[in-house]
Structures are given as structure tokens and as C-alpha cells.
Amino acid sequence: MRNELFRQLVEHEHFPTIAIGSDCLVVDDYVTLGAGTLDEVMERGFSHVWFNASEGNASCSAGCASTTTTSLRRSGCASPGSRSHWRTPAPPARGRPSPHSTHRFLAARLDADLLPCTEKTLDCLIGVDDRRSDPAALMDPSKSVGRAPEAGRLRQLAGDLAALFDARRQDLVATSTPDEWDRARLYRRATVGVLEYHFWLADTAPDRVRRLLSLRESIMAENLLALAEHRPTLAKGHNGRLQRVTSSMSTGDRLAEWPSADMIVSDRLGVDTYC
């Protein structure tokens, strides 16, 4: 039903983009750049096992990738990975959040002395990826390395790169194609968001779960807002994330409440421009 609705919107209303509540990097790279294979995308590109096996998602991804309409896009709008197993900061690789991506984008366009570090420094701080990928950290903060010294330094440098990215926006836009600029912004958002998530994953405060879920919604909202800047988009995700209500979840004897992604987006765009 979703795919048929999107087809109708493309053909009759000129909608070029469908955004699904899944990984914001992997599938978009496959559709837009032809990176990887459909099998790899279906294994890594969706948030949950039942999404990975979905013939509808495979059909949508393959159809967008093979279309002759160059402006047609299939994008993920959620944070990298799922709620229980987030993507981790990794050495530079397609479809993985990494401060290397922002560093390389900046290094190709700005003087080297403006950059806060070298790629070699980032390599040393990222270290072994497996240390950050334990899904048990969701329930047990002691399993997270998000506040280890090297993780803290990596988070600081990613923030410095993001600040430079924002400060030199005019120069960067002038020396990039629109697609290069949009992709650089996407990887910057994903990297900063993942590092923030792993930082708070190691927190032991009573409102830890609320903070994590709120951050997750904020990342989704920022991705949707970026898509909405240039093109009409059909967004599809969990109904709780696309309703203008406060989300809530019981965590033991506490009630965690946070604004949904839809609340954040509609507040920024206004109900007259956002359906």
C-alpha cells in the first residue's frame, strides 16, 4: 500500500522522495550513489529484523535505485541503526557514521590549518568498533564505553568539526554541488547524533531512558526537516513517531515522556506547510 501510494504521488503530484523510519545512511547511499548491493542494504539498512525481510522494502529500494528519473530518492529518516543496536562511530566506510566524512569534506574545501585534528587522530580515537556495539548497553550503562576518555575526545573533535562546518557554510556551499552539500550535512548529523547517543548511553541518571529516546526523536526530526527544505516528501514510520503527541513509556516505577519527531517538525514548519 505504501509503495503504491508513493508511485501515485510520484506520477501525479511530483513527489521525488520517500522517507522511511529506518537507517538514514545505508539505503540512501544505495539508491542515490549505487553503493553496495540490494542484499547488503536489506541486511543492514533497516531498523528491525522484520523490516529487513520485507519484500515491500526491497521492492521500494530496488525500484528507486533503478528508476530513470534521476531526482527520485528513497531515504531513511531515522537514526543509524535501531533503538537497541545503534550504529557506532567507525573508520570511514559507506553507510557508517564517521567523523572522517566531515573531516574529508572540510579538508577538500578549506585550509588544513583550520581543521581541529588530522584523520590519523580520528583513527586512533575510534579504535576497535566492537567495543561500542554491545546491545546490552541499552539496559546496562556499565556496558557502554560512551564516556571512556577516547570516546570523550572523539565527541569533542566531532563537535569542533561540526562547528567549523557551520561557521564556513557559505564557502562550503559555494564549492559543493547541491547533492554533495546535502550528503555532507546528512553524515555530519548522523555522526554527531551517534556520538551523543553513546555518551548518554553510559549515563546513570534516573532520566537516562527519556534522554535517549528524546535524542532519537530529535535526530529523526532533523532528517525530515532537511528533506523538506527542497522537496515534497512522503514520510512513513512508526505511528507514535509521526503523531503530534507527547510520547511516553513506563520504565519501572518512572514514566518517561518526550516530544515525538512529528511534534518537533510541525512546530518548526507550522501546520499549514506540514501535513
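Residues numbered from 1 in each chain as written. Predicted model: local features only at pLDDT ≥ 70, side-chain atom pairs only at ≥ 80, totals over all residues. Heavy atoms only, no water.

Draft legend 1. Quick look at the pattern of salt bridges. Applying the stated rule across the entire model yields 12 salt bridges. Residue Arg 147 pairs with Asp 203 through a salt bridge whose shortest N-O separation is 3.5 Å. With Arg 147 in the loop between helix H7 (119-126) and helix H8 (149-167) and Asp 203 in the loop between helix H10 (178-201) and helix H11 (208-228), this pair connects stretches of sequence that are 56 residues apart. Classification of Asp 203 as buried rests on a relative accessible area of 10%. Salt bridges here are not isolated pairs; linked through shared partners, they connect Asp 182, Arg 185 and Glu 229. (Salt bridge = Lys/Arg side-chain N within 4 Å of Asp/Glu carboxyl O. Helix = DSSP H or I, 4+ residues; strand = E, 2+ residues; numbered from the N terminus. Buried < 20%, exposed > 50% of the residue type's maximum accessible area, 1.4 Å probe, protein only.)

Draft legend 2. Structural view of the packing of aromatic side chains. What the rule picks out here adds up to four aromatic pairs. Between the aromatic rings of Phe 105 and Phe 165, the centroid separation amounts to 5.7 Å while the plane-to-plane angle is 35°, which identifies the pairing as tilted. Here the residue Phe 105 occupies a position in helix H6 (residues 99-107), and Phe 165 occupies one in helix H8, the gap between them amounting to 60 residues. Judged by its relative accessible area of 3%, Phe 165 falls in the buried class. Between the aromatic rings of Phe 105 and Trp 181, the centroid separation amounts to 6.4 Å while the plane-to-plane angle is 40°, which identifies the pairing as tilted. (Phe/Tyr/Trp six-rings, centres within 6.5 Å; stacked < 30°, edge-to-face > 60°.)

Draft legend 3. Summary view of the environment of Leu 122. Mapping Leu 122 onto the fold places it in helix H7. For Leu 122, a relative accessible area of 0% translates into the label buried. Sequence separation of Leu 122 and Pro 99 is 23 residues, and the distance between their C-alpha atoms is 7.4 Å. Excluding anything up to four places from it in sequence, Leu 122 contacts Pro 99, His 100, His 103, Cys 117, Leu 154 and Leu 157. (Contact = heavy atoms within 4.5 Å.)

Draft legend 4. H10, seen in detail. Under the 1.5 Å per step criterion, the end-to-end length of H10 is 34 Å for 24 residues, consistent within 8% with the ideal 34 Å. Counting buried positions along H10 gives 19 out of 24 residues, so the element sits mostly inside the fold. (Expected span 1.5 Å × (residues − 1).)

Draft legend 5. Geometry of the packing of H10 against H11. Following both chains from N to C, one finds H10 and H11 inclined at 175°, their axes separated by 10 Å at the closest point. In terms of orientation, H10 lies roughly antiparallel with respect to H11. Only Arg 208, Arg 211, Leu 212, Leu 215, Ile 219, Glu 222, Asn 223 and Ala 226 of H11 make contact with H10, whose side of the interface consists of Arg 185, Leu 186, Arg 189, Gly 193, Glu 196, Tyr 197, Trp 200 and Leu 201. Its residues placed into classes, the contact of H10 with H11 shows eight nonpolar, two polar and six charged. (Axes fitted to C-alpha atoms, helices over the stretch in contact; angles between N-to-C directions. Parallel < 35°, antiparallel > 145°, perpendicular 65-115°, else oblique. Nonpolar A, V, L, I, M, F, W, Y, C, P; charged D, E, K, R; others polar.)

Draft legend 6. Structural detail: the pairing of strand S5 (residues 254-259). Inspection of the sheet shows strand S4 (residues 246-251) paired to S5 by six bridges, in the antiparallel sense. Its bridge partner lying in S5, Ser 248 is registered against Glu 257. The hairpin turn running from S4 into S5, its antiparallel successor, is two residues long, and Gly 252 in that turn takes a positive phi close to 70°. (Pairing = 2+ DSSP bridges.)

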